[in-house]
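Below, each chain spelled out in residue letters.
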Amino acid sequence: MRNGWRKCVLVRLRTRIDTRSRRVVRSTSRTGVDMIKKSVTVLGTGSMGSALATAFLAAGYRTQVWNRSHERTTPLVDAGATAHADIADAVAASPVIISCLTTFAATRESLLGVDALAGRDLITLNSGTPDRAREFAHFAHCSGARFLGGAIKNVPAAVGDPQTLLYFGGDRDVFDTHAATLRILGGDLEFLGAEPDLAALYESAVGATLLPALLGFLEGAAVLASRGLAASTMVPYSVKWLQMIESLLPVLAGEIDDRDYTRLGSSVELFHTAVADDVRLGAETGVDLSWHAPMHELLDRAVTAGHGAQSITAVIELLKARQRSTL
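1. Details of the overall build of the protein chain
Okay, step 1: Along the protein chain, the regular secondary structure elements total 16 helices and ten strands.
Okay, step 2: When burial is assessed residue by residue, the protein chain has 41% of its 327 residues classed as buried.
Okay, step 3: Excluding contacts between residues fewer than 6 apart, the proportion of contacts in the protein chain whose partners are at least 24 apart in sequence is 61%.
Okay, step 4: Within the structure as shown, the protein chain displays about 18500 Å² of accessible surface, and the carbon and sulfur contribution to it stands at 57%.

What follows is the structure, encoded as structure tokens:
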């Protein structure tokens, strides 16, 4: 640990440089008029990374790209990007690096030993847990880079949309310096705070609804298919249903924050009683509903614990039980 700390300090001392000189690259247009064209490097050219690079190209940025499988950069090169086979060259080519690799671990592994990180701004848009984000922030700091952890809350096709949300945690100056660049990726930017793991924390919290919601839609489609009905026939009703749930989120959050599980009106017992109907539906339609089992077990425990008459939000007391046991 002590050797790692010393190495970190040495790197930081070695990289006290004026990074402002790297903010822009000067070029000349075809008409001979000087222009200032910013340069950005995108690490990872999967579906999301390619969408990021394409947005920067469309905005006129000198766009540098790197990918572990170099051949996947070819479409971006054809569109005007500069691809680098060596990640060190890609990092050295721009003052700001936006990483969209799969995980923090993959990003760190790819950047190990890249001295060019020193004095640059490193922004991540990959998935991962808060602890991994904190570890990566330390790695970036020890590499001499300023760090901003981010998350983009939309699909690749929505990159650049004014309604696309991106949120960030970490170095506020990095956020402010590159806000215009980041806004190319989505019009709704949020700075969550100085902790480098905040984007990963909110990504985990907000993203917790995704898989259950998708599985619910797939289950509904399978139920309809048992009667020869198309999934598309339920889309208008599913949209209305999700809008109803959206309208309830402030009420749910209020009950949770106040620990007052009386306002919603949909009790734990109401959901618990419906468990038998789930079993009957699966038997009737031939749809595998085994993914419900952990939820049914949670409802059983909530009723046993005396929460039956309370709002369904009371289930959070069981979800948080391990937190209390470690306090």
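2. Thoughts on unusual backbone geometry
Okay, step 1: Positive phi, close to 55°, is recorded for R259, a residue that is not glycine.
Okay, step 2: Mapped onto the elements of the fold, R259 is located in the loop between α11 (235-258) and α12 (268-273).
Okay, step 3: A residue is classified by how much of its surface remains accessible, and R259, at 52% relative accessible area, is exposed.

3. Some details on the packing of helix α5 (residues 104-111) against helix α6 (residues 130-142)
Helices that pack against each other are described as a pair by the angle of their axes relative to one another and the distance between those axes.
Okay, step 1: α6 packs onto α5 with a crossing angle of 20° between their chain directions and a minimal axis gap of 9 Å. The orientation of α5 with respect to α6, classified from their angle, is roughly parallel. The hand of the α5/α6 crossing is left-handed. Facing F104, T107, R108 and L111 of α5, the residues of α6 in contact are R132, A133, E135, F136 and F139.
Okay, step 2: Its residues assigned to classes, the contact of α5 with α6 shows five nonpolar, one polar and three charged.

4. Some details on the environment of C100
Okay, step 1: As for its position among the elements, C100 is in the loop between β6 (96-99) and α5.
Okay, step 2: Sequence separation between C100 and L43 is 57 residues; the distance between their C-alpha atoms is 5.8 Å.
Okay, step 3: Aside from chain neighbours lying at most four places away, what touches C100 is L43, G44, M48, G49, L52 and L125.

5. Notes on the sheet that holds strand β5 (residues 82-83)
Okay, step 1: Strands sit in the order β5-β4-β3-β6-β7-β8-β9-β10 across an open sheet of eight strands; the sheet is mixed. At either end of the open sheet lies a strand with only one pairing partner, and these are β5 and β10 (188-193).
Okay, step 2: Bridging between strand β3 (residues 39-43) and β6 involves three bridges; their strand directions are parallel. Bridge assignment links T41 to a residue of β6, and that residue is I97.
Okay, step 3: Running over the sheet, helix α9 (residues 198-207) touches β8 (146-152), β9 (165-170) and β10 and is turned about 135° from β9.

6. Focus: α9
Okay, step 1: All buried positions along α9 are accounted for by L198, A199 and A200.
Okay, step 2: Structurally, α9 contributes buried residues whose contacts are with α5, α6, β8, β9 and β10.

7. A closer look at the pairing of β9
Okay, step 1: By the criterion of burial, β9 is predominantly enclosed, with five of the six residues buried.
Okay, step 2: Taken together, the five bridges between β8 and β9 define a ladder with antiparallel strand orientation. The partner of I152 across the bridge, within β9, is L166.
Okay, step 3: With five bridges joining them, β9 and β10 adopt parallel strand pairing. By the bridge assignment, Y167 is partnered in β10 with E190.

8. What to know about a nonpolar patch on the surface
Okay, step 1: Taken together, W241, L242, M244, I245 and L249 make up a surface patch of nonpolar side chains, about 490 Å² in accessible area.
Okay, step 2: Mapped onto the elements, L249 comes out in helix α11.
Okay, step 3: A residue is classified by how much of its surface remains accessible, and L249, at 47% relative accessible area, is partly exposed.

9. Re the environment of S39
Okay, step 1: Secondary-structure assignment places S39 in strand β3.
Okay, step 2: When its relative accessible area of 3% is taken as the criterion, S39 is described as buried.
Okay, step 3: C-alpha of S39 to C-alpha of V96: the two residues are 57 residues apart in sequence and 7.6 Å apart in space.
Okay, step 4: A distance of 3.3 Å separates the side chain of S39 from the backbone oxygen of R62, its partner in a polar contact.

10. A few points about the nonpolar core
Okay, step 1: Ranked by internal contacts, the top residues of the largest apolar core, which has 30 residues, are L52, I98 and F168.
Okay, step 2: Elements supplying a minimum of two residues to this core: β3, α2 (47-58), β6, β8, β9, α7 (172-177) and β10.
Okay, step 3: Looking at this core element by element, the count peaks at seven residues for α2.

Conventions used here
- Residues numbered from 1 in each chain as written.
- Predicted model: local features only at pLDDT ≥ 70, side-chain atom pairs only at ≥ 80, totals over all residues.
- Heavy atoms only, no water.
- Helix = DSSP H or I, 4+ residues; strand = E, 2+ residues; numbered from the N terminus.
- Buried < 20%, exposed > 50% of the residue type's maximum accessible area, 1.4 Å probe, protein only.
- Contact = heavy atoms within 4.5 Å.
- Areas by Shrake-Rupley, 256 points an atom, 1.4 Å probe, with all protein chains shown as cover.
- Axes fitted to C-alpha atoms, helices over the stretch in contact; angles between N-to-C directions.
- Parallel < 35°, antiparallel > 145°, perpendicular 65-115°, else oblique.
- Left-handed = near helix turned anticlockwise from the far one by under 90°.
- Nonpolar A, V, L, I, M, F, W, Y, C, P; charged D, E, K, R; others polar.
- Pairing = 2+ DSSP bridges.
- Patch = residues over 30% accessible without salt bridge, like charges linked within 9 Å, V, L, I, M, F, W, Y side chains within 5 Å.
- Salt bridge = Lys/Arg side-chain N within 4 Å of Asp/Glu carboxyl O.
- Polar contact = N/O pair within 3.5 Å; in protein donor to acceptor, adjacent residues only side chain to side chain.
- Core = buried A, V, L, I, M, F, W, Y, C linked by side-chain atoms within 4.5 Å.

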